[in-house]
Amino acid sequence: MPSVKLPKKSTFVDMTPFVDVAFLILTFFIMATKFKPPEPIEVTTPNSVSTTELPESNAVLITIDKEGKVYFTILSEKDKSVFDEVINAVNSSRNLGLTDAEKVTYRKTYIVGVAFSQLKQLLDLPVDQQKNLKQPGIPVDSTGGELTYWVQAAKSAFAGQQLKYLIKGDNNSKYPVFKDVIEGLKKNDVYKYNLITSPEDAPAGTELYKQRHKAG
Amino acid sequence: MAQIEGGGDDSHKKGPGVKKAKKLSTRVDMTPMVDLGFLLITFFIFTTTMSSPKALNLNMPKDTKNEEELNKAKESGALTIMLGKNNAVYYYEGQLAPDGSNFKATNFSGIRDEIINKRNDVIKSHVHDANCAKIWAENKGDKNSCLDRDFVVVIKPDQDATYKNTVDILDEMTINNVKRYAMVDITPQEYEVVQATEKNSGK
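Residues numbered from 1 in each chain as written. Chains lettered and ligands numbered in written order. Predicted model: local features only at pLDDT ≥ 70, side-chain atom pairs only at ≥ 80, totals over all residues. Heavy atoms only, no water.

K.L.:
Break down the overall build of chain B for me, citing the residues and quoting the values.
P.N.:
Summing up its helical and strand segments, chain B has 6 helices and 6 strands in all. Helices and strands in chain B line up, N terminus first, as α-β-β-β-β-α-α-α-β-α-β-α. Here chain B holds 203 residues, and 37% of them are scored as buried. For chain B, the proportion of contacts with a sequence separation of at least 24, taken over those separated by at least 6, is 63%. Of the accessible surface of chain B, which amounts to about 12900 Å², a share of 53% is contributed by carbon and sulfur atoms. (Helix = DSSP H or I, 4+ residues; strand = E, 2+ residues; numbered from the N terminus. Buried < 20%, exposed > 50% of the residue type's maximum accessible area, 1.4 Å probe, protein only. Contact = heavy atoms within 4.5 Å. Areas by Shrake-Rupley, 256 points an atom, 1.4 Å probe, with all protein chains shown as cover.)

Here you go:
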């Protein structure tokens, strides 16, 4: 019986297209990536349908973490001198007696979450060790607390420029803290805020949904 | 002709004297490259922030004691929403009855219908007057801009409400195109009713 000789097929698969796609995706991600900025405090923001872009500079960021601690950050990409102005203003209005070295450290301090009484202690630490210090949060109360002075300092430092007030609250933080923060801002005649949220789609069937899909 | 080589006889295409070079495969094993490629993809997928955070605008009124500066809300068009513990939402229309009879409980998925219903009620009972033409002109002829002008939502988060609830309800205002809303402190009377309701429902 003649044996039927099956041709031996190679198991080698041509991977070239596969590699092409893989590297295309890789290139896309390298291009599109924007590294997450260092976040010493973990905050999960709520979702909203808002589409307004967030300002990255000329802004004051007030963070509320899940335990209700309040932190204060100045966002200024280009002009680093505002940091000096803020710390000087706070220093003189609250008689903190900060040294020049401590003021220089403030430039690089990403976030402040201590009472004025502990600010010296925070600024005495080198920048890379500051995140190890457990910050108790800026004291706030129904009259605004110490946050009022920070906002006041920032407001005067940014005088003549547009300044945005960002509030980044955690999902689980309680409303009273948020109210106190608002109070601290209101004391400085600031009535417009930007709440930082994660984007989400407008729910189907609602007015906003119809509006957006009519336009888009 | 004499053959120099005896080898290579299998293929008879070769001419005489042509030494057959060993054919090397041009194929390269790409598996390690693919491995590396996907490793990098995974890395970039994890480190990337695809959706940048957005800003939700919030305007608060200036605190004033001057009665004349205060915006008065018409009772017929007011809907008060209170936020309680465990994502609970309470609401009443107009003014809170002394016995709390118009005080109702719902949740975040139910409040949207209430807002829409209330808005439709306000639009239905709208009385046309001269001011409407002005409002229409300001809003580029949007008929509803005048029809629902009496519709005001008052948001009152209580001590137990979370920040997420607050943002969610503000978001609900955007979703339902509510133009007039205000965030106000909860009154002690309302807080009492909320707490009593929470106690009754065993929360």
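K.L.:
Explain the pairing of strand S5 (residues 152–157) of chain B residue by residue, including any values.
P.N.:
Residues and elements named next belong to chain B. Within S5, 6 of the 6 residues are buried, which leaves the element mostly enclosed by the surrounding structure. Side chains Val152, Val154 and Lys156 project from S5 onto one buried face, and the interleaved Val153, Ile155 and Pro157 project onto a second face that is buried too. Two strands pair when backbone bridges link them, and strand S2 (residues 78–83) and S5 are joined in this way by 6 bridges, in the parallel orientation. Each residue of the ladder has a partner; that of Leu83, found in S5, is Pro157. The pairing of S5 with strand S6 (residues 181–183) spans 3 bridges and is parallel. Opposite Val154, over in S6, you have Ala182 as the bridge partner. Crossover S5 to S6 through helix H5 (residues 163–175) is right-handed. (Pairing = 2+ DSSP bridges. Right-handed = clockwise from strand over helix to strand, strands pointing away.)

K.L.:
Tell me about the sheet that holds S2 of chain B, and name the residues and values.
P.N.:
The strands that make up a sheet are held in pairs by hydrogen bonds between backbone atoms, and each pair lies either parallel or antiparallel. Residues and elements named next belong to chain B. The 5 strands are arranged S4-S3-S2-S5-S6 in an open sheet whose pairing can be described as mixed. Two strands close off the open sheet at either side, each with one partner strand: strand S4 (104–106) and S6. Within this sheet the neighbouring strands show an average axis-to-axis angle of 25 degrees, counted without direction. (Axes fitted to C-alpha atoms, helices over the stretch in contact; angles between N-to-C directions.)

K.L.:
Break down the confidence of the model for chain A for me, with residues and values.
P.N.:
Averaged over every residue, the pLDDT of chain A is 80; residues scoring 70 or more account for 95%. Put simply, helix H5 (residues 127–130) of chain A is where chain A has its lowest mean pLDDT, 74, and strand S3 (residues 59–64) of chain A is where it has its highest, 87. (pLDDT = per-residue confidence, 0-100.)

K.L.:
Requested: an account of the interface of chain A and chain B, with residues and values cited.
P.N.:
Taken together, the 56 residues of chain A in the interface contact 52 residues of chain B. With both sides pooled, the region where chain A packs onto chain B buries about 4900 Å², and carbon together with sulfur makes up 64% of that total. Applying the counting rule to chain A against chain B returns 2 salt bridges. The shortest N-O distance in the salt bridge between Asp185 of chain B and Lys179 of chain A comes to 3.7 Å. On inspection of chain A and its partner chain B, the count reaches 9 residue pairs in polar contact (both at pLDDT 80 or more). Elements supplying a minimum of two residues to the side of chain A that touches chain B: helix H1 (16–32), strand S1 (47–48), strand S2 (52–53), strand S5 (164–169), helix H7 (175–186), strand S6 (192–199) and helix H8 (207–215) of chain A. In terms of residues, the side of chain A that touches chain B owes the most to one element, H1 of chain A, which gives 11 residues. Class assignment for the residues of the side of chain A that touches chain B results in 28 nonpolar, 15 polar and 13 charged. Across 2 bridges, the pairing between S2 of chain A and strand S1 (residues 54–59) of chain B is antiparallel. (Buried area = accessible area lost by both parts, 1.4 Å probe. Salt bridge = Lys/Arg side-chain N within 4 Å of Asp/Glu carboxyl O. Polar contact = N/O pair within 3.5 Å; in protein donor to acceptor, adjacent residues only side chain to side chain. Nonpolar A, V, L, I, M, F, W, Y, C, P; charged D, E, K, R; others polar.)

K.L.:
I'd like to hear about the confidence of the model for chain B, residue by residue, with values.
P.N.:
All names here are of chain B. Residues at a pLDDT of 70 or more form 75% of chain B, whose mean pLDDT is 76. Low confidence marks residues 6–11, where pLDDT is under 50. Its contacts with residues over four positions away, or in another chain, come to 1 contact. Two numbers describe this predicted complex: its pTM, 0.73, and its ipTM, 0.74.

K.L.:
Which residues make up the pattern of salt bridges, and what values do they have?
P.N.:
Residues and elements named next belong to chain B. Per the counting criterion, the structure on display carries 8 salt bridges over all chains. Between Arg112 and Glu172 there is a salt bridge, with its nearest N and O atoms 2.5 Å apart. A residue pair is termed long-range when its members are at least 10 positions apart, and Arg112 in helix H2 (residues 108–124) and Glu172 in helix H5 qualify at 60 residues. For the salt bridge of Asp168 with Lys164, the shortest nitrogen-to-oxygen distance reads 3.1 Å. Of this pair, Asp168 and Lys164 both sit in helix H5, 4 residues apart, roughly one helical turn. With a relative accessible area of 16%, Asp168 lands in the buried category.

K.L.:
Account for the nonpolar core, naming residues and giving values.
P.N.:
Within the largest apolar cluster, 63 residues are counted, with the highest numbers of intra-cluster contacts made by Phe72, Leu119 and Trp150 of chain A together with Ile81 of chain B. Non-local contacts of Trp150 of chain A, meaning those with residues more than four positions away in its chain, are made with Phe72, Val86, Ile87, Val90, Tyr106, Val112, Phe116, Leu119 and Ile138 of chain A. Tyr90, Tyr92, Ile186 and Tyr191 of chain B belong to the second-largest nonpolar core, a separate cluster that totals 9 residues. (Core = buried A, V, L, I, M, F, W, Y, C linked by side-chain atoms within 4.5 Å.)

K.L.:
Describe the packing of H1 of chain A against helix H1 (residues 31–47) of chain B, with residues and values.
P.N.:
Interaxial distance between H1 of chain A and H1 of chain B falls to 9 Å at its minimum, and their mutual angle equals 25 degrees. Taken together, the axis directions place H1 of chain A and H1 of chain B in an arrangement best described as roughly parallel. Once H1 of chain A is placed against H1 of chain B, the crossing between them reads as left-handed. For the pair H1 of chain A and H1 of chain B, the contacting residues are Phe18, Val19, Ala22, Phe23, Ile25, Leu26, Phe29 and Ile30 of chain A in the first and Met33, Val34, Gly37, Phe38, Leu40, Ile41, Phe44 and Ile45 of chain B in the second. The residue makeup of the contact of H1 of chain A with H1 of chain B, split by class, is 15 nonpolar, 1 polar and no charged. (Parallel < 35°, antiparallel > 145°, perpendicular 65-115°, else oblique. Left-handed = near helix turned anticlockwise from the far one by under 90°.)

K.L.:
Account for the side chain of Asn171 of chain A, naming residues and giving values.
P.N.:
With respect to the helices and strands, the residue Asn171 of chain A is situated in the loop between S5 and H7. When its relative accessible area of 15% is taken as the criterion, Asn171 of chain A is described as buried. Asn171 of chain A has contacts with Thr44, Thr45 and Pro46 of chain A together with Thr162, Tyr163 and Lys164 of chain B, leaving out every residue within four places of it along the chain.

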